[in-house]
Amino acid sequence: MARDILFSGIQPSGQLNIGHYFGAVKNWLRMQEDFDCMFSLVNLHAITVRQDPVALRKRSLDFVAAYMACGIDPEKSIIFAQSDVPEHSELMWLLSCHTYMGELERMTQYKDKIAKHTDNVNLGLFSYPVLMAADILLYQTKAVPVGADQKQHLELARDLANRMNNAYGKLFTQPEPYIPSTEDGGRIMSLLEPEKKMSKSDENAGNYIALLDEPNVIRKKLKRAVTDTDTVIRYDREHKPGVSNLLTLLSGATGKPIAALEVDYAGKGYGHLKTDTGEAIVALLEPIQANFHHLRNDETELTRVMEQGAEKARIRAHSTLNKVKKAMGLI
Ligand code: ATP
Ligand code: LTN
């Protein structure tokens, strides 16, 4: 029987960090066995912020190697670059003509981004969620594993699927979000400003742990992580965001539930928690880093994986797009 389709993407901007790992990639690995998976390097999304072309190309290969180093298997899943499948942009236009300005004006990511990039408030930043809806709907996607920050964008994709299906007959599958709970890593917070999400575009590298950070850098960053003036190791996002974030990271890296960690750490100090979290993350990332360096050395193979992925994706994309154009009366 055909398996349900899963689609997810990460923008090749900045450096992949453990927020992406726990929020998205970890779920991808788990779901890879049960779904027909498509993982896209969403480079058209990345250019909503100005990119250096040479660095973007290089970073794109870094990201593909990183996906594979984490365990995404190109023999089981389709890995491809969004820009290799022009149907994404074409479906985006068709969806744009059915998206209301008010819907996009409400998007919090867009508001944050225009506040941050005041010198480049471009149309792409505003219409970004429509491109994301096109990515998803183009493949008749059922499951979309993402971090909590993408919930609002997912809602738009679902609304657009409904709107188009009501207007033109059944064109799209209704996508479902798969978002880990906050305790499970759906929203990993910044190390130095734990009320803010850990983000790869953060200019202060002390705020995140990159997947490729050296073990000693990881230990040092965790030692400096902001906690609070209390001394109790307890999970409480509202009053103890830093400590709660460390517990989430330790739990994610060791597989031990947070409640059990609270018991283990009763009476122990924050220094202890930070050291153990550092060691657990170093142990988690060590094999990933070794795989990465091995895979990244073979650019021919990475390019082959992307070409093979794009070829498969294009066949699927073409089929949905044709159906939509026909239904809309485009000859
Ligand atoms: P940028 O800061 O460059 O805008 P980003 O760090 O938010 O990007 P994306 O490429 O937008 O990264 O996100 C890729 C995936 O990782 C998405 O599913 C997103 O929800 C998830 N993700 C990003 N940051 C976190 C985080 N701090 N915690 C959990 N999941 C996250
Ligand atoms: N907007 C997402 C990245 C993204 C995506 C997608 C995720 C683009 N298209 C489709 C899931 C499905 C983000 O993380 N900023």
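For the structure given in this document, a descriptive report is provided here. (Residues numbered from 1 in each chain as written. Chains lettered and ligands numbered in written order. Predicted model: local features only at pLDDT ≥ 70, side-chain atom pairs only at ≥ 80, totals over all residues. Heavy atoms only, no water.)

1. Notes on helix 13 (residues 299–327)
- Taking 1.5 Å per residue, 29 residues should reach 42 Å; helix 13 reaches 41 Å between its end C-alpha atoms and fits that length.
- Phi turns positive one or two residues past the end of helix 13, at G329, with a value near 85°. (Helix = DSSP H or I, 4+ residues; strand = E, 2+ residues; numbered from the N terminus. Expected span 1.5 Å × (residues − 1).)

2. Description of the site of ligand 1
- Every one of the 21 residues lining ligand 1 counts as a neighbour, but K113, D149, K197, S199 and S201 are closest to it.
- S13 has a polar side-chain atom sitting 3.1 Å from an oxygen atom of ligand 1.
- Within the backbone of I188, one N or O atom sits 2.8 Å away from a nitrogen atom of ligand 1.
- The leading source of residues in the shell around ligand 1 is helix 1 (residues 18–31), at four residues.
- Across the shell around ligand 1, the residue classes break down as five nonpolar, 11 polar and five charged. (Near = heavy atom within 4 Å. Polar contact = N/O pair within 3.5 Å; in protein donor to acceptor, adjacent residues only side chain to side chain. Nonpolar A, V, L, I, M, F, W, Y, C, P; charged D, E, K, R; others polar.)

3. Comments concerning the packing of aromatic side chains
- Applying the stated criterion across every chain, the model contains eight aromatic pairs.
- Plain terms: the ring middles of Y21 and F22 are 5.5 Å apart, the flat faces sit at 80° to each other, and that makes the pair edge-to-face.
- Overall, F22 belongs to the buried group, its relative accessible area being 3%.
- An angle of 70° between the planes, with centres 6.0 Å apart, marks the rings of F80 and Y139 as edge-to-face. (Phe/Tyr/Trp six-rings, centres within 6.5 Å; stacked < 30°, edge-to-face > 60°. Buried < 20%, exposed > 50% of the residue type's maximum accessible area, 1.4 Å probe, protein only.)

4. Side note on the site of ligand 2
- Neighbouring residues of ligand 2: 14 residues in total, closest Q11, Y128, M132, D135 and Q150.
- Contact between ligand 2 and Y128: a nitrogen atom at 2.7 Å from a side-chain N or O atom of the residue.
- Protein burial of ligand 2: of its 370 Å² of free accessible surface, 92% is covered by the chains.
- Taken together, the elements giving at least two residues each to the shell around ligand 2 come down to strand 1 (5–10) and helix 7 (123–137).
- With four residues, helix 7 is the single largest residue contributor to the shell around ligand 2.
- Residues belonging to the shell around ligand 2 are distributed by class as follows: seven nonpolar, six polar and one charged. (Areas by Shrake-Rupley, 256 points an atom, 1.4 Å probe, with all protein chains shown as cover.)

5. Some details on unusual backbone geometry
- The phi torsion at Q140 lies on the positive side, around 55°, for a residue other than glycine.
- Looking at the element boundaries, Q140 is found in the loop between helix 7 and strand 4 (143–145).

6. Some points on helix 6 (residues 108–116)
- Along helix 6, the positions that sit buried rather than exposed are Q109, Y110 and K113. Mapping the buried residues of helix 6 onto a view down its axis gives an arc of 95°, with all of them on the same face. In this structure, helix 6 carries D112 and A115 as exposed residues pointing more than 90 degrees from its buried face.
- The inward-facing, buried residues of helix 6 abut helix 5 (101–105), helix 7 and helix 8 (151–168). (Arc of directions from axis to C-beta. Contact = heavy atoms within 4.5 Å.)

7. Notes on the environment of S40
- Along the polypeptide, S40 turns up in strand 2 (residues 36–41).
- Given the relative accessible area of 0%, S40 is considered buried.
- Separated by 33 residues in sequence, S40 and F7 place their C-alpha atoms 7.7 Å apart.
- Residue contacts for S40: discarding those within four places in its chain leaves F7, S8, G9, I10, Y67, F80, A81 and Q82.

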